[in-house]
Amino acid sequence: RSFAKVLTGQASQHRDLIFTTHTGDGTKNIFPIRSVRDSRWKLIHNLHPEFAHTNHSDLDRKPMAGGYWTEWAALAKTDDRAAAIVARYFERPEWELFDLQNDKWEQHNLIADLAYQARVTQLRQKLAAWMGQQGDTGLVHSKPRLLQDRERWHPDHFVAPKAK
């Protein structure tokens, strides 16, 4: 569907909802996610919360790639706030709901707040219908890193690359 009218100023909006997917690539990033978003709300479905959320930046510690994860892992050993941030990155709940109008950095998951359950139900239905239309079965195409296999993903077990 063309969005030319938005580009030319003839319209200010293209769609009411957007849907996003993440499945993985090769043997990394194996953490299937689906989401739906409108102008205010984002509902995220982490299809397998028993998987560790990982990506190339925390798994591939290559020289000259920066010490981002190495530094966070070291800090997490002595700083509770850093440990909570690292855990939040790797361990994702099955469902997340964010009010983008009041929480643009998506720091406060509202999924358990009873005041938003009608919104959650509505967005879940829209996401499920869209996945059905797409033929999306949530297929996992490669072996994931499981939360229970902490040594395979937790930054305490990563070794920083040796300087040359």
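Check the entry above for the structure.
The shown structure was predicted, so the numbers you read here are calculated from the model rather than taken from an experiment.

Peer 1: What's the story with the packing of aromatic side chains in this structure? I'm lost.
Peer 2: The description of an aromatic ring pair uses the distance of the two centres, along with the angle that the planes make with each other. Tallied over the full model, the rule gives 3 aromatic pairs. For the ring pair phenylalanine 19 and tryptophan 130, a centre distance of 4.7 Å and an interplane angle of 0 degrees mean the geometry is stacked. Residue phenylalanine 19 is located in strand β1 (residues 18-22), and its partner tryptophan 130 is located in helix α5 (residues 117-134); the two are separated by 111 residues in the primary sequence. Accessibility expressed as a relative area gives 18% for tryptophan 130, which makes it buried. Between tyrosine 89 and phenylalanine 90 the ring centres are 4.9 Å apart and the planes differ by 85 degrees, which places this aromatic pair in the edge-to-face class. With a relative accessible area of 15%, tyrosine 89 lands in the buried category. Above the plane of the ring of tryptophan 95 lies arginine 124, whose end atom (NZ or CZ) is 4.1 Å from the centre.

Definitions and cut-offs
- Residues numbered from 1 in each chain as written.
- Predicted model: local features only at pLDDT ≥ 70, side-chain atom pairs only at ≥ 80, totals over all residues.
- Heavy atoms only, no water.
- Phe/Tyr/Trp six-rings, centres within 6.5 Å; stacked < 30°, edge-to-face > 60°.
- Helix = DSSP H or I, 4+ residues; strand = E, 2+ residues; numbered from the N terminus.
- Buried < 20%, exposed > 50% of the residue type's maximum accessible area, 1.4 Å probe, protein only.
- Lys NZ or Arg CZ within 6 Å of the ring centre and 35° of its normal.

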